Amino acid sequence: MMAVVTEVEQAAAASFTSVPRSLAAAASPALAGALFAASFRAWPLLICGALKIAYDLLLLMQFRHLKPPEER
């Protein structure tokens, strides 16, 4: 993310991406514990893997045409 924003925008980009990440990190243990207790034990791992794949593919689709400044 930092490679595609200007130096002035890097602090804003870092805070914009770190807030949702920290909120998700705070809520995920409770959700995983509930899934472990309620059903098939692999559900949290399968859900997290699917979410990570979807996140990576969405980032790839959104930024595939944007090159870092050193590659222009």
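What you are looking at is a predicted structure, and each value in this text was computed from that prediction instead of being measured.

Here the focus is helix 1 (residues 10-38). Helix length check: helix 1 (29 residues) gives 42 Å between terminal C-alpha atoms against 42 Å at 1.5 Å per residue, within 8%. Taken as a whole, helix 1 carries its principal kink of about 35° at S28; the proline P29 stands between one and four residues after it.

Our next topic: a nonpolar patch on the surface. Among the surface-exposed residues, F40, W43, L46, I47 and L51 lie close enough to one another that they form a single nonpolar patch of about 520 Å² accessible area. With respect to the element layout, W43 can be found in helix 2 (residues 43-63). On the accessibility criterion, W43 (41% relative accessible area) is partly exposed.

Further remarks concern the environment of A42. Structurally, A42 is set in the loop between helix 1 and helix 2. Its relative accessible area of 23% is what places A42 among the partly exposed residues. For the pair A42 and A27, spaced 15 residues apart in sequence, the C-alpha separation works out to 18 Å.

Conventions and cut-offs
- Residues numbered from 1 in each chain as written.
- Predicted model: local features only at pLDDT ≥ 70, side-chain atom pairs only at ≥ 80, totals over all residues.
- Heavy atoms only, no water.
- Helix = DSSP H or I, 4+ residues; strand = E, 2+ residues; numbered from the N terminus.
- Expected span 1.5 Å × (residues − 1).
- Bend = angle between axes of the 7 residues up to and from the residue.
- Patch = residues over 30% accessible without salt bridge, like charges linked within 9 Å, V, L, I, M, F, W, Y side chains within 5 Å.
- Areas by Shrake-Rupley, 256 points an atom, 1.4 Å probe, with all protein chains shown as cover.
- Salt bridge = Lys/Arg side-chain N within 4 Å of Asp/Glu carboxyl O.
- Buried < 20%, exposed > 50% of the residue type's maximum accessible area, 1.4 Å probe, protein only.

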